[in-house]
Amino acid sequence: MPLLALAFLAFVGLGLPDPLPGALWPELRPHYGLPQAMLGLVLAAMAAGYIAASLLAGRAMLLLGIGGVLALSVAATATAALGQALAPPWAVFMVFAVLAGLGGGAVDAALNTYAALHFAPRHLNWLHACWGLGATLGPAIATGLLAAGAGWQAGYAAVGLMLAALSVAFALTRSRWQDSPGAPDGPPLPALGALRQPAVRLRILVFFLMTGVEAGTGQWVATVLVEARGATPAFAAATATLFWASLALGRVGMGLVVDRIGADRLVRLAAAVVPVAAIGFAVAPHGVDLAALAVLAVALSPLFPTLVARTPARLGAATALHAVGFQVAAATLGVAILPAAIGLAVQAGGAAMAPPAIAGLAVATALLVRRLG
């Protein structure tokens, strides 16, 4: 199997387990007799593992090679899902949640690093669209199994078996991921050496804010439409779904045009549109605000994958080996922190406070992207 095709499958697999805790929580929670708030603890455990693995991915790739990291980390995600499918004691379930985060973070960082070194920017956009496909398929599979009368454990088992098959594919192709053209030359750069570079720290901040805009918009749009703009819950939920779909489809479309426009130029153009669209969602009249929301999703869509793709060219291959993992960790932290920070604004001033907060983050993101050059 060509490595590019396997990478596409891997990004689908990366997206499969991420939404399962939320999708299966109505069935999983009564099984363990837990309060609703414990879902946050599961997500925090996964995020902690994800961030830790992303930060350490560069060192792991130096020790094991990208192929070794991919094989082991996909196996870890499969083990976590299959372990949770056994409905173990709650403490063990949480250990598997951390393992799922560790495996997912390592896969994300390693695959993004390899793709940035070896694939074109269009492929990075399509790879990240594949993550969206996986994030859609995971809950759909679990929901279908529930509808057929299976328990919540079946959803984890199905995803775990698919990830196990993927881990075998990575184990069999481990040597093919090593010593390919475009791999870092010269002595390895320590992780702290990469982190000391101002350009690396600037990119970390960009990824933190950028993904915060994505996640903050996706998480709060339904609440804004219902509580501040009089929409029905069904309409609001459909709008939130369309936001994520537009983000994924935008990456497919941007992958088709990025080579013609130029990766750096596309990033600059998209980043300039992001605050305009975010402000439009905040202040435009009914109907126009939803159009602005769609434009915001499309404008955001190429930023993450294209900036990852340009990391080796901007920073050098040796620095990129660590910097991509740092960027993935910063993105995970942004998803975890900034929507919660927007929630504090909503709690203080109502749902109408969310769009201005998102617009402020979007402006900051655009200004920092301009500083990338």
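Report follows, based on the coordinates.

The rules behind the values
- Residues numbered from 1 in each chain as written.
- Predicted model: local features only at pLDDT ≥ 70, side-chain atom pairs only at ≥ 80, totals over all residues.
- Heavy atoms only, no water.
- Helix = DSSP H or I, 4+ residues; strand = E, 2+ residues; numbered from the N terminus.
- Rg over C-alpha atoms; globule rule 2.2 N^0.38 Å.
- Buried < 20%, exposed > 50% of the residue type's maximum accessible area, 1.4 Å probe, protein only.
- Contact = heavy atoms within 4.5 Å.
- Areas by Shrake-Rupley, 256 points an atom, 1.4 Å probe, with all protein chains shown as cover.
- Lys, Arg positive; Asp, Glu negative; His and termini not counted.
- Charge placed at Lys NZ, Arg CZ, Asp CG, Glu CD.
- Salt bridge = Lys/Arg side-chain N within 4 Å of Asp/Glu carboxyl O.
- 1 Å grid on protein atoms, 1.4 Å probe; cavity = no way out; pocket = protein on both sides within 12 Å on 5 of 7 lines; lining within 4 Å.
- Points joined across faces, edges and corners; volume = space filled by probe spheres on them.
- Core = buried A, V, L, I, M, F, W, Y, C linked by side-chain atoms within 4.5 Å.
- Phe/Tyr/Trp six-rings, centres within 6.5 Å; stacked < 30°, edge-to-face > 60°.
- Patch = residues over 30% accessible without salt bridge, like charges linked within 9 Å, V, L, I, M, F, W, Y side chains within 5 Å.
- Axes fitted to C-alpha atoms, helices over the stretch in contact; angles between N-to-C directions.
- Parallel < 35°, antiparallel > 145°, perpendicular 65-115°, else oblique.
- Left-handed = near helix turned anticlockwise from the far one by under 90°.
- Nonpolar A, V, L, I, M, F, W, Y, C, P; charged D, E, K, R; others polar.
- Expected span 1.5 Å × (residues − 1).
- Bend = angle between axes of the 7 residues up to and from the residue.
- Polar contact = N/O pair within 3.5 Å; in protein donor to acceptor, adjacent residues only side chain to side chain.

Helix and strand counts for the protein come out as 14 helices and zero strands. In terms of overall size, the protein behaves like a compact globule, its C-alpha atoms giving a radius of gyration of 20 Å where 373 residues would be expected to give roughly 21 Å. In terms of overall dimensions, the protein has a C-alpha envelope of 55 × 50 × 35 Å along the principal axes. When each of the 373 residues of the protein is scored for burial, the buried share is 53%. Sequence separation of 24 or more characterises 82% of the internal contacts of the protein that already satisfy a separation of 6 or more. Summing over all exposed atoms, the protein offers an accessible surface of approximately 15,200 Å²; the carbon and sulfur share of this is 71%. One way to put it: in the protein the 17 positive side-chain charges average out to a point 9 Å from where the 10 negative ones average out.

Another aspect to go through is the pattern of salt bridges. In this structure the tally under the stated criterion is five salt bridges. Residue Arg 229 pairs with Asp 289 through a salt bridge whose shortest N-O separation is 2.8 Å. Here the residue Arg 229 occupies a position in the loop between helix 8 (198–227) and helix 9 (233–261), and Asp 289 occupies one in helix 11 (residues 288–300), the gap between them amounting to 60 residues. For Asp 289, a relative accessible area of 2% gives the class buried. When salt bridges that share partners are traced, they join Asp 264, Arg 310 and Arg 314 into one network.

Next up on the list: empty space enclosed by the protein. This model, assessed by the stated rule, comprises one cavity of 30 Å³ or more. Around the largest cavity sit Arg 203, Asp 264, Val 267, Arg 268, Thr 306, Leu 307, Arg 310, Arg 314, Val 369, Leu 372 and Gly 373, which together line it. Taken together, the elements giving at least two residues each to the lining of the largest cavity come down to helix 10 (263–283) and helix 12 (303–315). The leading source of residues in the lining of the largest cavity is helix 12, at four residues.

Here we come to the nonpolar core. Membership of the largest hydrophobic core comes to 81 residues, with the highest contact counts inside it found for Leu 111, Phe 170, Trp 177, Leu 300 and Leu 303. No other element matches helix 8, which puts 11 residues into this core. In terms of nonpolar packing, the next biggest core, distinct from the first, is built from 22 residues, Tyr 32, Ala 78, Ala 85 and Ala 97 among them.

Moving on: the packing of aromatic side chains. Taken as a whole, this structure holds 12 aromatic pairs when the rule is applied. Aromatic pair Tyr 114 and Phe 119: ring centres 5.6 Å apart, planes at 75°, arrangement edge-to-face. Given the relative accessible area of 16%, Phe 119 is considered buried. Seen from their ring centres, Trp 152 and Tyr 156 are 5.9 Å apart, and the 90° between their planes marks the pair as edge-to-face.

Among the surface-exposed residues, Ile 279, Val 283, Val 363 and Leu 367 lie close enough to one another that they form a single nonpolar patch of about 360 Å² accessible area. Mapped onto the nonpolar patch, the elements with two or more residues apiece are helix 10 and helix 14 (354–371). Along the chain, Ile 279 falls in helix 10. For Ile 279, a relative accessible area of 40% corresponds to the partly exposed category.

Of note, Ala 129 is situated in helix 5 (residues 121–147). By relative accessible area, Ala 129 is classed as buried at 9%. Considering only alpha carbons, one finds Ala 129 and Ala 191, 62 residues apart in sequence, at a separation of 29 Å. Apart from the residues within four sequence positions on either side, Ala 129 is in contact with Ala 248, Arg 251 and Val 252.

All right, on to the packing of helix 5 against helix 12 then. To describe two helices that pack against each other, one gives the angle between their axes and the distance between the axes. For the pair helix 5 and helix 12, the least separation of the axes is 8 Å and the interaxial angle reads 140°. Put simply, helix 5 runs oblique to helix 12. Judged by the twist between their axes, the crossing of helix 5 over helix 12 is right-handed. Residues Pro 121, Leu 124, Asn 125 and His 128 of helix 5 form the contact with helix 12, whose participating residues are Phe 304, Pro 305, Thr 306, Val 308 and Ala 309. Class assignment of the residues belonging to the contact of helix 5 with helix 12 gives a composition of six nonpolar, three polar and no charged.

Attention now moves to helix 9. Taking 1.5 Å as the rise per residue, helix 9 with 29 residues should run 42 Å; its terminal C-alpha atoms sit 39 Å apart, in good agreement. Largest kink in helix 9: about 40°, centred on Gly 255. Turning to helix 9, its buried residues are Ala 236, Thr 239, Ala 240, Phe 243, Leu 247, Gly 250, Arg 251, Met 254, Gly 255 and Val 258. For helix 9, the secondary structure elements touched by its buried residues are helix 5, helix 8, helix 10, helix 11 and helix 12. Two residues or fewer past helix 9, Gly 262 is found with a positive phi of approximately 100°.

Next up on the list: the side chain of Asp 108. Secondary-structure assignment places Asp 108 in helix 4 (residues 90–118). Buried Asp 108, no salt bridge; nearest opposite-charge side chain is Arg 251, N-O distance 9.7 Å. In this structure the side chain of Asp 108 is engaged in a polar contact, spanning 2.6 Å, whose partner is the side chain of Tyr 50. When near neighbours in sequence (up to four residues on either side) are disregarded, Asp 108 contacts Phe 11, Leu 14, Tyr 50 and Val 328.

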